[in-house]
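# Examination of the molecular architecture
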Amino acid sequence: MASNEDLFKKIISHAKEYGFVFPSSEIYDGLSAVYDYGPFGVELKNNIREYWWRTMTQYHENIVGLDASIFMHPAVWKASGHVDAFSDPMIDNKDSKKRYRADVLIEDHIQKIEDKIIKEVEKARTRFGGSFDEKMYRETNPRVKEHQEKIDAIKHRFYPALERNDLEDVRNLIGELGIVCPVSGTKNWTEVRQFNLMFSTQMGSVNEDASSIYLRPETAQGIFVNFLNVQKSARMKIPFGIAQTGKAFRNEIVARQFLFRMREFEQMEMQYFVKPGEELKWYEFWKTERMKWHLSLGIPASKYRFHDHDKLAHYANAAADIEFEFPIGFKELEGIHSRTDFDLSAHQAHSGRKLQYFDTETSESYVPYVVETSIGLDRTFLAVLSHAYREEKLQDGSERIVLGIPAKLAPIKLAVLPLVKKDGLPEKAREIMDVVKYGFRCFYEEKDTIGRRYRRMDAIGTPYCITIDHQTLQDNTVTIRDRDTMLQDRISIPEIPSLVREKIG
Ligand code: ATP
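Residues numbered from 1 in each chain as written. Predicted model: local features only at pLDDT ≥ 70, side-chain atom pairs only at ≥ 80, totals over all residues. Heavy atoms only, no water.

### Quick look at the environment of Arg452
As a reminder of what qualifies: Runs of H or I in DSSP of at least four residues are treated as helices and runs of E of at least two as strands, each being numbered from the N terminus. The rule is simple: take the accessible area with a 1.4 Å probe, protein chains only, and divide by the maximum for that residue type; under 20% is buried, over 50% is exposed, in between is partly exposed.
Within the secondary structure, Arg452 sits in helix H15 (residues 450–460). Note on Arg452: relative accessible area 51%, which makes it exposed. Along the backbone, Arg452 and Lys155 are 297 residues apart, and their C-alpha atoms lie at a distance of 55 Å.

### Concerning the sheet that holds strand E6 (residues 193–196)
Counted only if it meets this: Between any two strands, at least two bridges found by DSSP are needed for them to pair. A fitted line through C-alpha atoms serves as each axis, taken over the contacting stretch for helices, and the angle formed by two N-to-C directions is quoted from 0 to 180°. Any two residues having at least one pair of non-hydrogen atoms within 4.5 Å are treated as being in contact.
Strand order in the open sheet formed by three strands is E5-E4-E6, and the pairing between neighbours is antiparallel. Where the open sheet ends on each side, the last strands, each with one partner, are strand E5 (99–101) and E6. Ignoring which end each strand starts from, the neighbouring axes of this sheet average 45° apart. Along the sheet, helix H5 (residues 102–128) contacts strand E4 (87–92) and E5; its crossing angle with E5, the most-contacted strand, is approximately 65°.

### Side note on the packing of helix H2 (residues 39–58) against helix H13 (residues 377–388)
Packed helices, taken two at a time, are described by the angle their axes make and the gap between the axes. Inclusion rule: In these notes the angle categories are as follows: under 35 degrees is roughly parallel, over 145 is roughly antiparallel, 65 to 115 is roughly perpendicular, and the rest is oblique. A crossing counts as left-handed when the near helix is turned anticlockwise from the far one by less than a right angle, and as right-handed when that turn is clockwise. When residues are sorted by character, Ala, Val, Leu, Ile, Met, Phe, Trp, Tyr, Cys and Pro go into the nonpolar class, Asp, Glu, Lys and Arg into the charged class, and all the rest, Gly among them, into the polar class.
Contact geometry of H2 with H13 gives a least axis separation of 10 Å together with a crossing angle of 110°. Overall, the two elements H2 and H13 adopt an arrangement that is roughly perpendicular. For the pair H2 and H13, the sense of crossing is right-handed. Residue-level inspection shows Gly41, Leu44, Lys45, Ile48 and Arg49 of H2 in contact with H13, the latter providing Leu377, Asp378, Thr380, Phe381 and Val384. Looking at side-chain class alone, the contact of H2 with H13 contains five nonpolar, two polar and three charged residues.

### Considerations on H15
Because the α-helix completes a turn every 3.6 residues, residues three or four places apart line up on one side. By the burial criterion, the buried members of H15 are Ile450, Arg453, Tyr454, Met457, Asp458, Ala459 and Ile460. After H15 finishes, the residue Gly461 shows a positive phi value of roughly 85°.

### Regarding the site of the ligand
Selection rule: The cutoff for a nearby residue is simple: one of its non-hydrogen atoms must lie within 4 Å of the molecule or strand. Throughout this description, a polar contact denotes any pair of N or O atoms lying within 3.5 Å of each other; where both atoms belong to protein, one of them has to be capable of donating a hydrogen while the other can accept it, and for residues adjacent in sequence the pair is counted only when both atoms sit in side chains. Each accessible area is a Shrake-Rupley estimate made with a 1.4 Å probe; only the visible protein chains count as cover when residues are assessed.
Residues in contact with the ligand amount to 17 residues; listed here are only the nearest, Glu252, Arg261, Met262, Glu332 and Leu333. Phe260 places a polar main-chain atom, nitrogen or oxygen, 3.3 Å from a nitrogen atom of the ligand. Arg261 places a side-chain nitrogen or oxygen 2.8 Å from an oxygen atom of the ligand. When isolated, the ligand has an accessible area of 590 Å², and the protein chains bury 85% of it. When residues of the shell around the ligand are traced back to their parent elements, those giving at least two are strand E10 (264–274), strand E13 (329–340) and strand E16 (369–376). Counted by class, the shell around the ligand contains five nonpolar, five polar and seven charged residues.

### Details of the pattern of salt bridges
The following threshold applies: By convention in these notes, a salt bridge is any Lys or Arg side-chain nitrogen within 4 Å of a carboxyl oxygen on Asp or Glu.
The full count for this structure, using the stated rule, is 44 salt bridges. Linking Arg456 and Glu445 is a salt bridge whose minimum nitrogen-to-oxygen distance equals 2.9 Å. With Arg456 in helix H15 and Glu445 in the loop between strand E20 (442–444) and H15, this residue pair connects regions lying eleven residues apart in the sequence. The partly exposed category is assigned to Arg456, whose relative accessible area is 25%. Put simply, Arg390, Glu392, Arg400, Arg455, Asp458, Arg481, Arg483 and Asp484 are held in one network by salt bridges that share partners.

### Here we look at the nonpolar core
Most often, soluble globular proteins have nonpolar side chains that are buried together. Selection rule: Side-chain atoms within 4.5 Å link the members of a nonpolar core, which is a set of buried Ala, Val, Leu, Ile, Met, Phe, Trp, Tyr and Cys residues. The split of the chain into domains comes from an automatic or database domain assignment.
With 62 residues, the main nonpolar core has Phe20, Trp286, Phe381 and Ile405 as its most contacted residues. For this core, the element with the highest residue contribution is H13, accounting for seven residues. Residues lining this core come from more than one domain, with at least three contributed by each of domain 1 (1–70 + 198–395) and domain 3 (412–504). In this structure, Val121, Tyr137, Ile154 and Ile174 belong to the second largest nonpolar core, which totals 27 residues.

### Section: the sheet that holds strand E21 (residues 464–468)
Strand order in this open sheet of five strands is E20-E19-E21-E22-E23, and the pairing throughout is mixed. Taken across any chain shown, the strands that pair with only one partner, and hence form the sheet edges, are E20 and strand E23 (488–492). Taken pair by pair, the neighbouring strands of this sheet meet at an average axis angle of 25°, ignoring direction. Here four bridges tie E21 to strand E22 (residues 477–482), and the two strands are oriented antiparallel to one another. Note on E22: the bridge partner recorded for Ile466 is Ile480. Relative to strand E19 (residues 414–418), H15 is tilted by about 170°, and along the sheet it contacts E19, E20, E21, E22 and E23.

### Focus on the side chain of Thr219
With respect to the helices and strands, Thr219 occurs in the loop between strand E8 (211–214) and helix H9 (220–225). The exposure class of Thr219 is buried, given its relative accessible area of 0%. A distance of 2.5 Å separates the side chain of Thr219 from the side chain of Glu269, its partner in a polar contact. Setting aside residues up to four positions removed in sequence, Thr219 forms contacts with Gln244, Gly246, Lys247, Gln267 and Glu269.

### As for the domain arrangement of the protein chain
The figure often quoted for interface size is the accessible area lost as the parts come together. Note the cut-off: Put simply, buried area is how much 1.4 Å-probe accessible surface two parts lose in total, over both of them, once they are put together.
Parsing the protein chain into structural domains produces domain 1 (1–70 + 198–395), domain 2 (87–196) and domain 3 (412–504). Between the C-alpha centres of domain 1 and domain 2 the distance comes to 27 Å. On the domain 2 side, the residues contacting the ten residues of domain 1 number 14 residues. A buried area of about 1000 Å², summed over both sides, lies between domain 1 and domain 2, and 54% of it is on carbon and sulfur atoms. The largest contributions to the domain 1 side of the interface with domain 2 come from Ile253, Arg256 and Lys311, which together make up 54% of the buried area. For the pair domain 1 and domain 2, the number of links is zero salt bridges. Inspection of the domain 1/domain 2 interface yields one residue pair in polar contact (both at pLDDT 80 or more).

### A short note on the packing of H5 against helix H7 (residues 142–163)
H7 packs onto H5 with a crossing angle of 160° between their chain directions and a minimal axis gap of 10 Å. The angle between H5 and H7 places the two elements in the roughly antiparallel class. Considering how the two elements wind past one another, H5 and H7 form a crossing that is left-handed. From H5, Asp103, Ile106, Glu107, His109, Ile110, Ile113, Glu114, Lys116, Ile117 and Glu120 reach across to H7, where they touch Arg143, Val144, His147, Gln148, Lys150, Ile151, Ile154, Lys155, Phe158, Tyr159 and Leu162. A per-class count over the contact of H5 with H7 returns ten nonpolar, three polar and eight charged.

And the structure:
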């Protein structure tokens, strides 16, 4: 655990030192859970967003885009249930003065018991080898059964208590389970209270005229209220999807996990409108499709897992998360939800406007069902960054930090480096730069030894560096160095663009 925390700290400080992520308003000591993306961070973030956009819209002919406003009519959030129910139960420890989500404390406690079961199962698997029957073992081993019964008992009490909004019982459960504050180590807890996560502000010039509006806590509602505008103007036929990326704001209770939990963040969402009754088929389709998308980033499958929800949100009839193994453990990266017709029906009822689809084949009108895929851009950034970060010991005894970012997402694709700052090499390098920079993001640098410049490019994840040396002036060739293998090759200048493009394609 300690080493993972160390790793997380190293990644955060690397992100700052190399221009990926800065704390917001740092000269004023920062603003909690708000971050700014630096020169290389913004490139990586744009590349992830662009990759998502292209794969979701361009590659799926029946998905179109939308860019709705952050501000929306306040009635939207009443209809969607956010005004009444978008809250988390919070609890404070009186000794450490730290605030926690009460549900997360209990879920972490359940996870600890689950970890014990996994340990037992893995031990048995090693002991029994090929003949091991995990299902039978889980059903018959007394220790595992005992752990499982504990988990079931907690869930049996916890989920209905949340459902009833019985915060006193949630508080009692925390006490009975003996959950302690990770900071103070004590059980000196306050009561549990609900805390609405939406930020509100005033719209209008004078106080009396001003009305309270919210900063959107999710991008999805912009899609729902525009459902008919999009369907009619783009002449879409069900099933079809609407994709959108954009900022969302949540006044998170616990916000101390870098980009994982921010108060201002960006979502990439797609709402897929389907015929009622077909939603579970599409839900399965999108679970598979989205997992494929993650794997297409080149991160190994072992870093991902599905987590099917036991407790469904009020609007869903099936839901799963794709979890990623961050340095802080396996946590939600993307949610896939079958949202039924909850949102469209609610907006129909609140606005008094019909939000129905007319099926020309059957001549019926109906409110479509929705399957949503909702992924955090910042969390994806953190997943890519934390997986990419490597400290390597080299054969000559030196060390390097390298970001093995997939080439297609790398902030800079190619560095153009004259070996020395004289003998006409910078001029030749500039000549090359002026051609390649129109094809992909390049970086020119002539200061420092070539070794130092290579290291800096490794540290920001640049897949290729080319070096212009004295031989270049004679035969129009350069050396090209691969970030991961550090091997160098000599190629002719006209070959550069296609070689880089092949790598990033
Ligand atoms: P969590 O349980 O972690 O609070 P959630 O279930 O509330 O997340 P959703 O409402 O399903 O999250 O939002 C969809 C996606 O938006 C999440 O999978 C996550 O990637 C991203 N996201 C949500 N809240 C935050 C946040 N505070 N900071 C960064 N990303 C977030």
